[in-house]
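Reading the structure
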2 protein chains.
Amino acid sequence: MQAAVDLARQQGVRLTPVRLRTLEILLETHQAMGAYEVLERLAAEGFGSQPPVAYRALDFLVQHGLAHRVQRLNAFAACLTPGHDHAPAFLICRSCNKVAEADVPAIRDAVGQAAGDSGFSVERMTVEVLGLCDRCAAGAEVRP
Amino acid sequence: MQAAVDLARQQGVRLTPVRLRTLEILLETHQAMGAYEVLERLAAEGFGSQPPVAYRALDFLVQHGLAHRVQRLNAFAACLTPGHDHAPAFLICRSCNKVAEADVPAIRDAVGQAAGDSGFSVERMTVEVLGLCDRCAAGAEVRP
DNA sequence: ACCATCATGTTATAAAATCACCCATGGCAA
DNA sequence: TTGCCATGGGTGATTTTATAACATGATGGT
């Protein structure tokens, strides 16, 4: 969290109240949150209540590497290692909906090579894995 | 294409007219198509004109490995190597919007191992790479 | 022929995302 | 100071994507 603030200052970008609060909200849970869910929270705290408010803040965070978008869930999650310039893989538990961020450098290499062979130049990469986390695999396969 | 028909017969599933036509539509282009775009085509050919018609056909194709969903584009693309039980990576050109399917077994291994280490059991995996295809990188970086 | 099952069609609605416009702030140059 | 303009935020409306719920029709086994 503090890392994020530092990083923003360092990059010379403005981590305004809405943006900061949005990041905090994401950090409060390890589950990915939908934009409208975030919006609800923001609105309850006196910020704007229309979709663009949430989308703009979230887009900003993603743009600056402070959060990630989880395509499969149409949701967002705070980045756990900001500033690390990573191509993380997301481990999405289909039972409890928690999202873990795994850094798997080998993926980047493998994809880079496969793409390079066909002349494709890689810019961004998303890896999302659906399955069961250890807790859910072990016991109650239910959503909390 | 013929492969798909064979595969369906072999699996004992019904490749009905809508489903077959949907697959053909996807195969006619190498670009991923949105559900509503497919729906338009289907409707113009006398099939139903409401969203569920397209979504059901597309879901069926995805379910049976004859097509893939490209999350990043909210779109669908025909599978080029059906029956191959693969976890393909998609190379999405942000200029011409074409989608190439690359089989990169190393990814599966790397992710499987990283996930296994944390007790996560993998069920499905999607890898999507955004960038420029060779043609677009070379010349006109414009959408057709 | 009968029934269970699967497939299709339709209406309606939900969920996710974007557009277009306006106003406030805050830095900066004249 | 004043005027300007770039950036960010607020709001209403709309577009795009996806599903729910229900009725009808086809298919295949017995």
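Since we're looking at a predicted model, the values are computed, not measured.

Criteria and thresholds
- Residues numbered from 1 in each chain as written.
- Chains lettered and ligands numbered in written order.
- Predicted model: local features only at pLDDT ≥ 70, side-chain atom pairs only at ≥ 80, totals over all residues.
- Heavy atoms only, no water.
- Contact = heavy atoms within 4.5 Å.
- Buried area = accessible area lost by both parts, 1.4 Å probe.
- Salt bridge = Lys/Arg side-chain N within 4 Å of Asp/Glu carboxyl O.
- Polar contact = N/O pair within 3.5 Å; in protein donor to acceptor, adjacent residues only side chain to side chain.
- Helix = DSSP H or I, 4+ residues; strand = E, 2+ residues; numbered from the N terminus.
- Nonpolar A, V, L, I, M, F, W, Y, C, P; charged D, E, K, R; others polar.
- Near = heavy atom within 4 Å.
- Domains from an automatic or database assignment.
- Buried < 20%, exposed > 50% of the residue type's maximum accessible area, 1.4 Å probe, protein only.
- Pairing = 2+ DSSP bridges.
- Least-squares fit on C-alpha atoms with pLDDT ≥ 70 in both.
- Axes fitted to C-alpha atoms, helices over the stretch in contact; angles between N-to-C directions.
- Parallel < 35°, antiparallel > 145°, perpendicular 65-115°, else oblique.
- Left-handed = near helix turned anticlockwise from the far one by under 90°.

1. Let's talk about the interface of chain A and chain B
- Counting from both sides, the interface comprises 30 residues of chain A and, opposite them, 30 residues of chain B.
- Roughly 2600 Å² is buried in total at the junction of chain A and chain B, and carbon and sulfur atoms are behind 59% of that figure.
- Across the chain A-chain B interface, the total number found is two salt bridges.
- Taken together, the connections running from chain A to chain B amount to twelve residue pairs in polar contact (both at pLDDT 80 or more).
- Counting residues per element, the ones that place at least two in the side of chain A that touches chain B are β3 (88–93), α5 (105–117) and β5 (121–132) of chain A.
- For the side of chain A that touches chain B, the leading source of residues is β5(A), giving twelve residues.
- Across the side of chain A that touches chain B, the residue classes break down as 18 nonpolar, six polar and six charged.

2. With respect to the protein's contact with DNA strand D
- Near DNA strand D you find 17 residues, and of these Thr16(A), Arg56(A), Tyr36(B), Tyr55(B) and Arg69(B) are the closest.
- For DNA strand D, a base nitrogen lies 2.5 Å from a polar atom in the side chain of Tyr36(B).
- Breaking the surface near DNA strand D down by element, the ones donating at least two residues are α2 (17–27) and α4 (51–63) of chain A together with α4 (51–63) of chain B.
- Of the residues contributing to the surface near DNA strand D, the split by class is seven nonpolar, five polar and five charged.

3. Notes on the domain arrangement of chain A
Residues and elements named next belong to chain A.
- On domain assignment, one finds that chain A holds domain 1 (2–78) and domain 2 (88–138).
- Computed from C-alpha coordinates alone, the two centres of domain 1 and domain 2 are separated by 22 Å.
- Taken together, the contacts link ten residues of domain 1 with eleven residues of domain 2.
- Roughly 970 Å² of surface becomes buried between domain 1 and domain 2 when both sides are summed, with 58% attributable to carbon and sulfur atoms.

4. A short note on the pairing of strand β2 (residues 75–78) of chain A
Residue and element names in this part refer to chain A.
- With burial as the criterion, each face of β2 is covered, one bearing Ala 75 and Ala 77 and the other bearing Phe 76 and Ala 78.
- One ladder, built from four bridges, connects strand β1 (residues 67–70) with β2; its direction is antiparallel. Considered in β2, the bridge of Ala 67 is made with Ala 78.
- Hairpin connection of β1 to β2: four residues between the antiparallel strands, including Asn 74 at a positive phi of 50°.

5. Re the relation of the copies chain A and chain B
- The operation relating chain A to chain B is a screw motion whose rotation component is 179°, with 0.0 Å of axial translation and a residual RMSD of 0.1 Å. The symmetry that links the two subunits is that of a two-fold axis. Across chain A, the rotation axis passes nearest the C-alpha of Val127(A), at a separation of 2.3 Å.

6. What about the packing of α2(A) against helix α3 (residues 35–44) of chain A?
All names here are of chain A.
- At their nearest, the axes of α2 and α3 sit 10 Å apart, and the two run at 120° to each other. Considering their axes alone, α2 and α3 lie oblique with respect to each other. The hand of the α2/α3 crossing is right-handed. Facing α2, whose interface residues are Val 18, Arg 21, Thr 22, Ile 25 and Leu 26, α3 presents Val 38, Arg 41 and Leu 42.
- Across the contact of α2 with α3, the residue classes tally to five nonpolar, one polar and two charged.

7. Side note on the protein's contact with DNA strand C
- As a structural note, the neighbourhood of DNA strand C is formed by 17 residues, with Tyr36(A), Arg69(A), Thr16(B), Gln50(B) and Arg56(B) the closest of them.
- Taking all atoms of DNA strand C within 4 Å of the protein, the share assigned to sugar and phosphate is 51%.
- Arg69(A) places a side-chain nitrogen or oxygen 2.7 Å from a phosphate oxygen of DNA strand C.
- Between DNA strand C and the protein, one listed contact pairs a phosphate oxygen with a backbone N or O atom of Ser49(B) at 3.5 Å.
- Of all the secondary structure elements, the ones that give two or more residues to the surface near DNA strand C are α4 of chain A together with α2 (17–27) and α4 of chain B.

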